[in-house]
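These are the residues of each chain, in order.
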Amino acid sequence: MLRPAGPFVYKEEIMLEVIKRDGKKVPFQKEKIAAAIEKAMNSSSGIYQEGVADKIAAEIEEYAKGLGHSMTIYSIEDQVYYKLLDNHNPATARAYENYKAMQAFKRHINTTDDGVLSLIRQTNVDVMDENSNKNAHVVSTQRDLIAGEVSKDIARRKLIPLDIVQAHDSGAIHFHDMDYIIQPMFNCCLINLEDMLQNGTVINGKKIDTPKSFQVACTVTTQIIAQVASGQYGGQSINGVDRILAPFVRKSYEKYLAAVIEEQKEIYGIEPDMEKAEEIAWKRTRKEVKDGIQTIQYQINTLMTTNGQAPFVTLFMYFQPDYEYAKEAAMIDEEILEQRLQGIKNEQDVYVTPAFPKLIYVLDEHNVHPGSPYYYLTELAAKCTAKRMYPDYISAKKMREIYEGNVFSPMGCRSFLSPWKNKEGKYVWDGRFNMGVVSINLPQIGILARGDEKKFFEILDKRLELCHRALLLRYDLLKDITSDVSPIHWQYGAIARLKKGEKVFPLMQNGYATLSLGYIGIYEASVLIKGKTHTSPEGEKFALKIIHRLRDAVDSWKKESGLGFALYGTPAESLTNRFCAIDKARFGEIKDVTDKGYYTNSYHVDVREPINVFDKFRFEAQFQKVSTGGCISYVEIPNMTNNVEAVLTMVRFIYDNICYGEFNTKSDYCHVCGFDGEIICNDDNEWECPRCHNKDRSKLTVIRRTCGYLGENFWNEGRTKEIKARVLHI
């Protein structure tokens, strides 16, 4: 057990452990060392010496006790070899080395058997619960997870430098999405849907022309989403779904208007009544808008991509009031919000909260104030948030202050692009993407620094350079690919319209695409170095120093290479647990750090800390201004379906104070007794219905904010503890 006695003093109880090749720790057992030595002695090329194996094992144990830290399996093997030589048994030393070489060869050939078999047997909990929107019991998802285990093995042995693998295994950094790195895939993007719909596209070799109606546009949109999701591993966003689809509403209206006029002439034999014809045409158009939005919602929630999950999609709702199709865009937004408020039916025919698509509603002068022309949409959005958590909110006013006057969607849940202009000097957002993420473990640096702030930043600078090299590796693995690897992205408009066989290299230069440095645990780092939370004056100063040091690093890398390095507040869905578990195994329990079972996301306030909605948003807003490659802030609220006016007050606060905010509430359902409310997490860290005490996960629908997305397939142990520890902010 390791506990801080003030910021600078640590006390430790010695417990001998060994760090295995995969980074996990196990108890030190000298009997195993002795058994391995005797096995080498009894081999065809070894020489048996009675008592020597036990003697060497005991000597290594004494050596380990004096180290003050855990031995690695590699250092133990070195000790065995040299002690055999000291005991005048070079033959056994050579036999031992040969045995090691053979075992290494076996590992080199295949290290995935246990991982794959444990997935099939459904005992690999770490991988099965890694993504809360993947159902690891379904064979199609298992196929993706099994492929991921094989891919990780190849990447670790063949692609990623040893020091980066070791840093990943030790929890110093996290090389995200290693299970996809051997394929020419990137992370997330803003689909250029407007170009694909207006100019046509190709799906599975079939030409798709410009849709002639809203319903067809919605159907084509869902097919594009599915194809895009299967060719990348991160989220995708439609940057202005209302603005992009609105012209097709107009097309449908004009089609209905012409049909009604013809009906009046041909069927009823009367002169066209234009006022009545327009009324009927809009009525039919509204019905088509309802059907089209329903198509999008149901298709996204029922499609299964090659990644073994529904597409991670964000619909960004934003149009200008002077837009030519503003009426149609508002109609689309209203229908999206109405249908999300209603929910989607589950197997019991009960409406529940869907996880996708994620909705983002942009607050601006034309919709945020009572009396604004589109305030009715904001009222509907607040009502929807109170019931279904979505939509989340972006303040156009605060975003313009940060991003050179622009308002645009994050890629997926939180990854933001940097401003980029084309040759004509116009800002471009759609058709851009993120190449991948590497995250740094700030709490581990705090533990190693032992209360010394200067030491903290020395270690941080050293590890930042490691992150830099790891990110450059991601770039190197993508820069030579051609457009043929994913035609929907590179040839048919989602990202670009390159020729067949053309290299995508130019689209990765000059900041067009981003490479993200992620970070986790500013709160824990502050506790370790300052002895206080980062909401205290001393902790806040230290936290801001960290975030600016991280930002300075990515800015210098960007200036040096021209690549789009960006600072990104890591969502840490499973990483919150992984980093903490590694550090707890290595350093023991540290109060308010490793004892919790999770680390705090990015710059966020500790989930256990009492703080009100307004102070939390105001405090975290200063970090969003620096972490411009990715950020999001949330607050926990109770059931406010009967107090929507209070939600609107908080929404208006977001507009004036923070760029990107969201609200977390509870929206659960028990399939056994029909309970519709909050499913609790009990003392055993299990989800349990408070009415009938059902604990069968297959018969519970539990929806929680996992990171920027909602999760609906449960979480790993650490994330579950983090969710349970969250306090209300109002």
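Heads up: these notes are all about the structure in this document. From a predicted model like this one, the values you see are computed outputs, not experimental measurements.

### Brief notes about the overall build of the protein chain
Then, number 1: Along the protein chain, the regular secondary structure elements total 24 helices and 27 strands.
Then, number 2: Considering only residue pairs separated by 6 or more positions, the protein chain has 71% of its internal contacts joining residues 24 or more positions apart.
Then, number 3: Per element, the accessible surface of the protein chain, about 30,200 Å² overall, is 51% carbon and sulfur.

### Re the sheet that holds strand β4 (residues 25-27)
Then, number 1: With respect to topology, three strands assemble into an open sheet ordered β4-β3-β5, the strand pairing being mixed. The strands lining the two open edges of the sheet, one partner per strand, are β4 and β5 (71-72).
Then, number 2: As paired strands, strand β3 (residues 17-19) and β5 are joined by two bridges and run parallel to one another. Counted as the bridge partner of V18 is M71 from β5.

### Section: the sheet that holds strand β15 (residues 392-395)
Then, number 1: Taking strand neighbours across the sheet as the criterion, the seven strands line up as β7-β10-β11-β14-β15-β20-β19 in an open arrangement whose pairing is mixed. Lying at the two open borders of the sheet, with one neighbouring strand each, are β7 (189-191) and β19 (633-636). Strand-to-strand, the axes of this sheet are offset by a mean angle of 25°, without reference to chain direction.
Then, number 2: Of the strands in this sheet, β19 and β20 (660-664) touch helix α22 (residues 613-624), which is tilted by about 165° from β19.

### Looking at the nonpolar core
Then, number 1: Formed by 168 residues in total, the largest nonpolar core has its most connected members in F433, L442 and F456.
Then, number 2: At twelve residues, the largest contribution of residues to this core is made by helix α17 (residues 453-478).
Then, number 3: Residues within four places of L442 in sequence aside, it is in contact with F456, L460, Y519, I520, G521, I522, A525 and I546.
Then, number 4: The next biggest cluster of nonpolar side chains, apart from the first, holds 19 residues, and it includes F28, I56, M71 and I76.

### As for unusual backbone geometry
Then, number 1: With omega at -5°, the peptide bond leading from F356 into P357 counts as cis.
Then, number 2: Secondary-structure assignment places P357 in the loop between β13 (351-352) and β14 (358-363).
Then, number 3: Cis geometry marks the peptide bond from Y390 to P391, where omega comes out at 5°.
Then, number 4: Secondary-structure assignment places P391 in the loop between α14 (375-388) and β15.
Then, number 5: Positive phi is not limited to glycine here, since R450 has a value of about 50°.
Then, number 6: Position of R450 relative to the elements: it lies in the loop between α16 (442-449) and α17.
Then, number 7: Using a relative accessible area of 42% as the deciding quantity, one classes R450 as partly exposed.

### Some thoughts on the pairing of strand β10 (residues 236-239)
Then, number 1: Of the two faces of β10, the one lined by Q236 and I238 and the one lined by S237 and N239 are each fully buried.
Then, number 2: In terms of strand pairing, β7 meets β10 through three bridges, oriented parallel. The partner of L190 across the bridge, within β10, is S237.
Then, number 3: By the bridge criterion, four bridges tie β10 to strand β11 (residues 313-317) in an arrangement that is parallel.

### A short note on the packing of helix α12 (residues 274-302) against helix α13 (residues 326-342)
Helix-helix packing is described using two parameters, namely the angle between the two axes and the distance between the axes.
Then, number 1: Packing of α12 against α13 leaves a shortest axis separation of 10 Å and a crossing angle of 50°. With respect to their mutual orientation, α12 and α13 come out oblique. α12 and α13 meet at a crossing whose hand is right-handed. For the pair α12 and α13, the contacting residues are W282, R286, V289, K290, I293, Q294 and Q297 in the first and K327, E328, M331, I332, E334, E335, I336, Q339 and R340 in the second.
Then, number 2: A per-class count over the contact of α12 with α13 returns six nonpolar, three polar and seven charged.

### Points about the pattern of salt bridges
Then, number 1: A full pass over the atoms with the stated rule returns 38 salt bridges.
Then, number 2: One salt bridge in this structure joins E662 and K358, with 3.9 Å as the shortest N-O distance. With E662 in strand β20 and K358 in strand β14, this residue pair connects regions lying 304 residues apart in the sequence.
Then, number 3: According to the relative accessible area criterion, K358 is buried, its value standing at 0%.
Then, number 4: One salt bridge in this structure joins R618 and D615, with 3.0 Å as the shortest N-O distance. Of the two residues, R618 and D615 both sit in helix α22, three residues apart, roughly one turn of that helix.
Then, number 5: The structure contains a network of salt bridges with shared partners spanning K591, D592, D606 and R608.

### Concerning the pairing of strand β17 (residues 514-520)
Then, number 1: Counting buried residues along β17, seven of its seven residues qualify, which places the element largely inside the surrounding structure.
Then, number 2: What you see with β17 is no split at all: T514, S516, G518 and I520 on one side and L515, L517 and Y519 on the other are buried throughout.
Then, number 3: Bridging between strand β16 (residues 434-441) and β17 involves six bridges; their strand directions are parallel. Within β17, the position partnered with N434 by the bridge is T514.
Then, number 4: Direction of pairing for β17 relative to strand β18 (residues 564-569): parallel, over a ladder of six bridges. Bridge pairing in β18 links L515 to F565.

### Digging into the environment of K616
Then, number 1: Among the structural elements, K616 can be located in helix α22.
Then, number 2: A residue is classified by how much of its surface remains accessible, and K616, at 1% relative accessible area, is buried.
Then, number 3: Note: C-alpha distance between K616 and H729 (113 residues apart in sequence) is 8.2 Å.
Then, number 4: Sequence-distant contacts of K616, that is, excluding residues within four places in its chain, are made with V605, I611, Y634, V635 and H729.

### Some words on the packing of α13 against α14
Then, number 1: Relative to each other, α13 and α14 sit at 20°, their axes nearing to 9 Å. As far as their axial angle goes, α14 and α13 are roughly parallel. Handedness of the crossing formed by α13 with α14: left-handed. Contact residues: A330, D333, E334, L337, E338, R340, L341 and Q342 in α13; Y376, L377, L380, A381, K383, C384, K387 and R388 in α14.
Then, number 2: Broken down by class, the residue content of the contact of α13 with α14 amounts to eight nonpolar, one polar and seven charged.

### A look at α16
Then, number 1: Taking burial as the measure, the eight residues of α16 include seven buried ones, the bulk of the element.
Then, number 2: Every buried residue of α16 is listed here: L442, P443, Q444, I445, G446, I447 and A449.
Then, number 3: N-cap assignment for α16: the residue whose side-chain oxygen lies 3.1 Å from the backbone N of Q444 is N441.
Then, number 4: The positive-phi residue at the C-terminal boundary of α16 is R450, with phi of around 50°.

Parameters at a glance
- Position labels on residues start from 1 in each chain and follow its written sequence.
- Predicted model: local features are reported for residues with pLDDT of at least 70 only, side-chain atom pairs are reported and counted for 80 or more only, and whole-chain, interface and lining totals are derived from all residues.
- Just so you know, side-chain values use all the structure's heavy atoms and leave hydrogens and water out.
- To qualify as a helix, a DSSP run of H or I must reach at least 4 residues; to qualify as a strand, a run of E must reach at least 2; elements of each kind are numbered from the N terminus.
- Here, residues are in contact when the closest pair of their heavy atoms is within 4.5 Å.
- Only the protein chains shown count as cover for residues, and all accessible areas are computed by the Shrake-Rupley method using a 1.4 Å probe.
- Only strands that DSSP links by at least two bridges are regarded as paired with each other.
- The axes are straight lines fitted to the C-alpha atoms, using for helices just the contacting stretch, and the angles between their N-to-C directions are given from 0 to 180°.
- As used here, the term nonpolar core means buried Ala, Val, Leu, Ile, Met, Phe, Trp, Tyr and Cys residues forming a set that is joined through side-chain atoms within 4.5 Å.
- We call a residue buried when its accessible area falls under 20% of the maximum for its residue type, exposed when it is over 50%, and partly exposed in between, using a 1.4 Å probe and counting protein chains only.
- An angle below 35 degrees is read as roughly parallel, one above 145 as roughly antiparallel, one from 65 to 115 as roughly perpendicular, and any other as oblique.
- Helix crossings are classified by the rotation of the near helix relative to the far one: an anticlockwise turn of less than a right angle makes the crossing left-handed, while a clockwise turn makes it right-handed.
- In this count, Pro and Cys sit with the nonpolar residues alongside Ala, Val, Leu, Ile, Met, Phe, Trp and Tyr, while Asp, Glu, Lys and Arg are called charged and the others, Gly among them, polar.
- What counts as a salt bridge is simple: a side-chain nitrogen of Lys or Arg found within 4 Å of a carboxyl oxygen of Asp or Glu.
- Polar contacts, as used here, are pairs of N or O atoms within 3.5 Å; protein pairs need one atom able to donate a hydrogen and one able to accept it. Residues neighboring in sequence count only if both atoms are side-chain atoms.

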